[in-house]
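Listed here are the chains, written in short residue letters.
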Amino acid sequence: MAESHIPHPDLPPPANVIGVFGWLHRNLLSSPLNIALTVLALYLLSITILPLLNWAVFDAAWSGETRADCQAHSGACWIFIQAHFDQFMYGFYPEAQRWRVNTAVLLLVLSAAPLFVRAIPNAYKVRLGLGLLVIYPIIAYMLFKGGLFGLSGVDTRRWGGLFLTLVIAGVGMTAALPLGVLLALGRRSQMPAIQTLCVTFIEFWRGVPLITVLFMSSVMLPLFLPEGMNFDKLLRALIGVTLFQAAYMAEVVRGGLQAIPKGQFEAAAALGLGYWKIMALIVLPQALKLVIPGIVNTFIALFKDTSLVLIIGLFDLMNIVHNATTNPEWLGFSTEGYVFAAAVYWLFCFSMSRYSQSLEKRLHTGHKR
Amino acid sequence: MNASSTVAAPVSVSLSDQVMIHMENVHKWYGAFHVLKNINLTVRKGERIVICGPSGSGKSTTIRCINRLEEYQRGRIVVDGLALTNDVKLIEQIRREVGMVFQHFNLFPHLTVLENCVLAPIWVRKMPRKQAEAFAMQYLERVKIPEQALKYPGQLSGGQQQRVAIARSLCMNPKIMLFDEPTSALDPEMIKEVLDTMVTLAEEGMTMLCVTHEMGFAKTVAHRVIFMDGGEIIEENTPEEFFTNPRSDRTQLFLSQILHN
């Protein structure tokens, strides 16, 4: 009779390969060269991070009302930001009407919240999402612009600050993605007319800088329009940004479409599904999932590019901060202003990036082939 | 080398006269390359046909013409009384009645097994979801994997995936099933489970066209075996005659190569 095999019990690993010490040992102190590099890195960090912290936190002026309160501090003057905070958020939107912006934001957060709850079934989410996509812009526009239901009118020239940045970015993203998808499908179409049209569109918009597009829309377009006819400046910027980013989005999506094996089209077609159903149910869900990093990349670029509208005289976050630094009462605080603007942009872009990563993980169904 | 021993006993034959597929003088070119040369084939209701031949002989292309995954340049194909044209609606109508199983399964990886099965009934046949799911579970039971219904295709073995692909096609309640080398991408031990499923289907009287190298399957299940080479149908025969007494030299050579390896 065969002897039965008794496996050895697992021994705990040595202390210097696990835990904090193990990590330190492996990554920072594993050889004399690495020890030297670690020390050097610590030194470099100490001469850069410490002064920065001193400036931004320890020596900074945090409370007060006027510029005089900053004089006693050698660090940053965050009072400058506090004093202009409302302006940075809303631009020149009339103070008494700012509740309308807040209401619209609150409405969006509340109505879109179910989309991020995992327990809610997808079929419901799709319906809610599509509904929001159609209804919310109308409600938001009426709230922002006014002139109806007893709301006083607020000209788009008075929109500004982070609010305006979010309007441009929000409209740009929600319009550029579907448009980009259609352009990508069109570019792969078997119909020569549609294909040529899409290729021309994409290559035109990819070939010109956004700044040129914005300039042309504000300076040249009025020359071609008949006397008296005038487009809203913001609307022109929105169209420019959307079409520009849609061209980029189209190429990102096309990359995803090309990665879908031909067998997927064939299997769907063999079941009797038509072109649009194949695209909507089989190909696009897979293709878009593959290019989430590219889509978010485009979104982030779009978000940051909104700051270019300053050259056509719209007061988005960037321009309003710039404007505040030229305020004679608050001269000399441009560093604080731009650091604040950068922090806000970073916060939004980083959130998008993190959300895309979690989305990728969640949508992964274990079928890498 | 093949799974002949695993396949069930020959199935009793009861054929009607109703013609399900009629191919007449079909020619196809890829550019200047003549891939299908004068294909003529008539398949009656309930008939089971195996198409074999060396690779590149046009077997797959032939059956892919039937549901118009491939265009052809000359000739005529009538499927279930409908003559194929370029009309997209007509093609979709024909595809609804013609199921197809692919060599590489082609399941939709972003959908669960059950969602794979109910997709077409819901979106093409406009069946209510509940009903489609009940229907799909029946077919998943028939291919013996109901317990995998909520998994994703990537979590299944090749044999299981191919059985799901068969169930997915059956959920459309097709009148004809086309099999394009359904076992060629499978490990030997998984070939049996897929062939068993196909034999069951055959026993139920499904009209089937199979491109396959499983000669055991051809011997026991097929009513007719078609041998293709160089884009032509070289021989069309009963399985008994085909294997014991082939008419053409080319067939003999092919058989000697695949049976004595």
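Our subject is the structure listed above.
Now for a description of the structure that goes with this document.

Criteria and thresholds
- Residues numbered from 1 in each chain as written.
- Chains lettered and ligands numbered in written order.
- Predicted model: local features only at pLDDT ≥ 70, side-chain atom pairs only at ≥ 80, totals over all residues.
- Heavy atoms only, no water.
- Helix = DSSP H or I, 4+ residues; strand = E, 2+ residues; numbered from the N terminus.
- Rg over C-alpha atoms; globule rule 2.2 N^0.38 Å.
- Buried < 20%, exposed > 50% of the residue type's maximum accessible area, 1.4 Å probe, protein only.
- Contact = heavy atoms within 4.5 Å.
- Areas by Shrake-Rupley, 256 points an atom, 1.4 Å probe, with all protein chains shown as cover.
- Salt bridge = Lys/Arg side-chain N within 4 Å of Asp/Glu carboxyl O.
- Pairing = 2+ DSSP bridges.
- Axes fitted to C-alpha atoms, helices over the stretch in contact; angles between N-to-C directions.
- Core = buried A, V, L, I, M, F, W, Y, C linked by side-chain atoms within 4.5 Å.
- Domains from an automatic or database assignment.
- Patch = residues over 30% accessible without salt bridge, like charges linked within 9 Å, V, L, I, M, F, W, Y side chains within 5 Å.

Some words on the overall build of chain B
Part 1 of the argument: For chain B, the count of helices and strands is nine helices and 10 strands.
Part 2 of the argument: Taking 2.2 N^0.38 as the reference for a compact globule, 261 residues should give roughly 18 Å; the C-alpha atoms of chain B span a radius of gyration of 18 Å, in line with that estimate.
Part 3 of the argument: With the C-alpha coordinates of chain B rotated into their principal frame, the extents come out at 55 × 45 × 35 Å.
Part 4 of the argument: Going through the 261 residues of chain B one by one, you find that 57% of them count as buried.
Part 5 of the argument: Long-range pairs, those at least 24 residues apart, make up 68% of the contacts in chain B between residues at least 6 apart in sequence.
Part 6 of the argument: As displayed, chain B has an accessible area near 11100 Å², and 49% of this comes from carbon and sulfur atoms.

Re the pattern of salt bridges
Residue and element names in this part refer to chain A.
Part 1 of the argument: Scanning all chains against the criterion turns up 20 salt bridges over all chains.
Part 2 of the argument: Across the pair Glu203 and Arg206 runs a salt bridge whose closest N-O atoms are separated by 3.2 Å. Here Arg206 and Glu203 lie together in helix H7 (residues 192-207), a separation of three residues that amounts to about one turn.
Part 3 of the argument: Overall, Glu203 belongs to the partly exposed group, its relative accessible area being 34%.
Part 4 of the argument: Judged by relative accessible area, which is 32%, Arg206 ranks as partly exposed.

Considerations on the pairing of strand E10 (residues 232-237) of chain B
Residues and elements named next belong to chain B.
Part 1 of the argument: Summarising the sheet, strand E9 (residues 224-229) and E10 pair through five bridges and their orientation is antiparallel. Bridged to Ile226 within E10 is Glu236.
Part 2 of the argument: Where E9 folds back on E10, the antiparallel hairpin that results is connected by two residues, among which Gly230 adopts a positive phi of roughly 60°.

Re the sheet that holds strand E5 (residues 82-83) of chain B
Residues and elements named next belong to chain B.
Part 1 of the argument: Strands sit in the order E2-E1-E4-E5 across an open sheet of four strands; the sheet is antiparallel. Across the chains shown, the open sheet's two edge strands, defined by having one partner strand only, are strand E2 (33-44) and E5.
Part 2 of the argument: Relative to strand E4 (residues 74-79), strand E1 (residues 19-30) runs antiparallel, the two sharing five bridges. Across the sheet, the residue bridging to Ile21 is Val79, located in E4.
Part 3 of the argument: The strands touched by helix H1 (residues 59-66) are E1, E2 and E4; relative to E1, the strand with the most contacts, the crossing angle is about 120°.

Let's talk about the nonpolar core
Part 1 of the argument: By size, the foremost hydrophobic cluster in this structure holds 127 residues, and its most contacted members are Phe88, Phe144 and Trp159 of chain A together with Met23 and Leu209 of chain B.
Part 2 of the argument: Mapping this core onto the domain boundaries places at least three of its residues in each of domain 1 (96-153) and domain 2 (174-364) of chain A.
Part 3 of the argument: Excluding its chain neighbours within four sequence positions, the residues that come into contact with Trp159 of chain A are Tyr90, Tyr93, Phe144, Lys145, Val154, Leu164, Val167, Leu234 and Phe315 of chain A.

Notes on the sheet that holds strand E6 (residues 98-101) of chain B
Residue and element names in this part refer to chain B.
Part 1 of the argument: Read from one edge to the other, the open sheet built from six strands follows the order E6-E7-E8-E3-E9-E10, with strand pairing classed as mixed. The strands lining the two open edges of the sheet, one partner per strand, are E6 and E10. With direction set aside, neighbouring strand axes in the sheet form an average angle of 15°.
Part 2 of the argument: Sheet topology note: the E6/strand E7 (residues 176-180) ladder contains four bridges and is parallel. The partner of Gly99 across the bridge, within E7, is Met177.
Part 3 of the argument: Strands in contact with helix H2 (residues 88-97) are E6 and E7; relative to E6, the strand with the most contacts, it is inclined by about 70°.
Part 4 of the argument: On top of the sheet, helix H9 (residues 249-259) reaches strand E3 (48-52), E9 and E10; it is set at about 100° to E9, its chief contact.

Digging into a nonpolar patch on the surface
Residues and elements named next belong to chain A.
Part 1 of the argument: Together, Ile211, Phe215, Met216, Val219, Met220, Leu221, Leu223, Phe224, Phe231, Leu235 and Ile239 line one region of the surface with nonpolar side chains, adding up to about 1000 Å² of accessible area.
Part 2 of the argument: The set of elements that each furnish at least two residues to the nonpolar patch consists of helix H8 (210-224) and helix H9 (233-259).
Part 3 of the argument: Counting residues per element, the nonpolar patch draws most heavily on H8, which supplies eight residues.
Part 4 of the argument: For Met220, the position within the fold is in helix H8.

Nothing here speaks to function; it is all geometry.
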